[in-house]
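Read off the chains here:
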Protein chains: 2
Amino acid sequence: MSRLDVFINRMLSQRACLNHAVELTKGQPGPVFELGLGNGRTFHHMREIMPEREIFVFERAIASNPNSTPAEDMVFLGDVYETLPAALKRFGPTVRLIHADLGGHDLAKNDVFAKALSPYVEPLLDHGGIMVSSDRMYFLRLKEIPLPQDAVPARCHIYQRG
Amino acid sequence: MSRLDVFINRMLSQRACLNHAVELTKGQPGPVFELGLGNGRTFHHMREIMPEREIFVFERAIASNPNSTPAEDMVFLGDVYETLPAALKRFGPTVRLIHADLGGHDLAKNDVFAKALSPYVEPLLDHGGIMVSSDRMYFLRLKEIPLPQDAVPARCHIYQRG
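Before going into details, it helps to say that this report is about the structure given with it. Everything numeric here is computed off the predicted structure, so don't read it as measured data.

1. Some points on the interface of chain A and chain B
In this assembly, 18 residues from chain A lie in contact with 18 residues from chain B. Broken down by secondary-structure element, the contributors of at least two residues to the side of chain A that touches chain B are α1 (3-24) and α2 (41-49) of chain A. For the side of chain A that touches chain B, the class distribution of residues is five nonpolar, eight polar and five charged.

Below is the structure:
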């Protein structure tokens, strides 16, 4: 299996899991968070499948394609260890869906980041709220739930607050 | 259709066309050229599906994942308008397969680049030699041939020297 194969599986799974999460959260209130914007392709997709939702983006520095750049007032600019607590203060535990693709080259480094990030993500979600992540997260109270059929196991994870 | 959808289709088509090109050129002599290395995912895939081939990479500056970095003597470093003529001098019209994904954000800019690049690519291919490109190319003598079934039309192009 080549790195291209792995990458394609990750992208396919990311899309499948996000589409699935939209089904699972349909009609329920709350904002959506995108952790890391990057090129903005996934943000573009999220806007398309959730046109009615407010989607807030957390990023150190915006470097996305102009077609996929969030409005200024929808961005939490800076270090997530500061912006996620700020978002918790602002919104409380009301977030409906959080997506993250930490995905760097270094798998061990991603895992360390996922571990560090998990306690910052966990308190944000509302009851029934969902996190879609390309990396395994380390939550205390969120439960990992089954992937949709068109996702590739281990290329994506879905967690839900009970 | 979101930018994520378009991107997934491009990656799926790139892989399908490369796999197809390997079938079409099986047992025929000649090196393979990868124009643009980027992250190296596609190069990694090409090495996997053509372990017996010499694959030369053309790139301005190597910035690939360490798992997908070519040996130094397999790289033509610099401007393609200089390195492709140098390769033509070295190999003559013997190349079996050329792959290019010029794919930047700016479609108009890609098209200008594809037009400028085409006359540099065309003389390199051997009879029956194939070019797989994510962008439409502007060849005088190469013929566009049908895509494999698992590629998405217009997301990839295959050209062959008669």
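Still more to cover.
2. A few points about the relation of the copies chain A and chain B
When chain A is fitted onto chain B, the two copies agree to an RMSD of 0.0 Å after a turn of 180 degrees and an axial shift of 0.0 Å. Here the copies are linked by what is in effect a two-fold axis. Among all C-alpha atoms of chain A, that of Ile8(A) lies closest to the rotation axis, at 3.5 Å. A share of 100% of the interface residues of chain A reappears at the interface of chain B, consistent with the copies meeting face to face through the same patch.

3. Things to note about the pairing of strand β7 (residues 157-160) of chain A
All names here are of chain A. Where strand β5 (residues 125-133) lies against β7, four bridges are found, and the strand directions are antiparallel. Across the sheet, Ile-130 pairs through a bridge with Gln-160, a residue of β7. In this structure, strand β6 (residues 143-145) lies alongside β7, joined through three bridges in antiparallel fashion. The residue bridging Ile-145 from the neighbouring strand is Ile-158, located in β7.

4. Overview of the nonpolar core
Residues Cys17(A), Ala21(A), Phe33(A), Ile98(A), Ile130(A), Met131(A) and Val132(A) are the most contacted members of the largest nonpolar core, which totals 32 residues. Here Ile98(A) is in contact with Phe33(A), Leu35(A), Val121(A), Leu124(A), Leu125(A) and Met131(A), once residues within four sequence places are set aside.

5. Some points on the packing of helix α3 (residues 80-91) of chain B against helix α4 (residues 107-121) of chain B
Residue and element names in this part refer to chain B. Here α3 crosses α4 at 15 degrees, and the two axes come no closer than 9 Å. What the angle tells us is that α3 and α4 run roughly parallel. Here α3 runs over α4; the crossing is right-handed. Packed against α3, whose contacting residues are Val-80, Tyr-81, Leu-84 and Pro-85, the element α4 presents Leu-117, Tyr-120 and Val-121 at the interface. Residues of the contact of α3 with α4, tallied by class, amount to seven nonpolar, no polar and no charged.

6. Notes on the environment of Asp126(A)
The residue Asp126(A) is located in strand β5 in this model. Considered as a pair, Asp126(A) and Ala116(A) are ten residues apart in the sequence and their alpha carbons are 21 Å apart.

7. Brief notes about helix α1 (residues 3-25) of chain B
With 23 residues, α1(B) should cover 33 Å at 1.5 Å per step; its first-to-last C-alpha distance of 33 Å lies within 8% of that length. Restricting attention to buried positions, one finds in α1(B) the residues Arg3(B), Leu4(B), Ile8(B), Met11(B), Ser13(B), Gln14(B), Arg15(B), Cys17(B), Leu18(B), His20(B), Ala21(B) and Thr25(B). Contacts from the buried residues of α1(B) go to α1 and α2 of chain A together with α2 (41-49), β4 (95-100), β5 (125-133) and β7 (157-160) of chain B. Just downstream of α1(B), Gly27(B) is the residue with a positive phi angle, here 80 degrees.

What counts, and where the lines are drawn
- Residues numbered from 1 in each chain as written.
- Chains lettered and ligands numbered in written order.
- Predicted model: local features only at pLDDT ≥ 70, side-chain atom pairs only at ≥ 80, totals over all residues.
- Contact = placed C-beta atoms within 7 Å.
- Helix = DSSP H or I, 4+ residues; strand = E, 2+ residues; numbered from the N terminus.
- Nonpolar A, V, L, I, M, F, W, Y, C, P; charged D, E, K, R; others polar.
- Least-squares fit on C-alpha atoms with pLDDT ≥ 70 in both.
- Pairing = 2+ DSSP bridges.
- Core = buried A, V, L, I, M, F, W, Y, C linked by C-beta atoms within 7 Å.
- Buried ≥ 20, exposed ≤ 12 C-beta atoms within 10 Å, placed from the backbone.
- Axes fitted to C-alpha atoms, helices over the stretch in contact; angles between N-to-C directions.
- Parallel < 35°, antiparallel > 145°, perpendicular 65-115°, else oblique.
- Left-handed = near helix turned anticlockwise from the far one by under 90°.
- Expected span 1.5 Å × (residues − 1).

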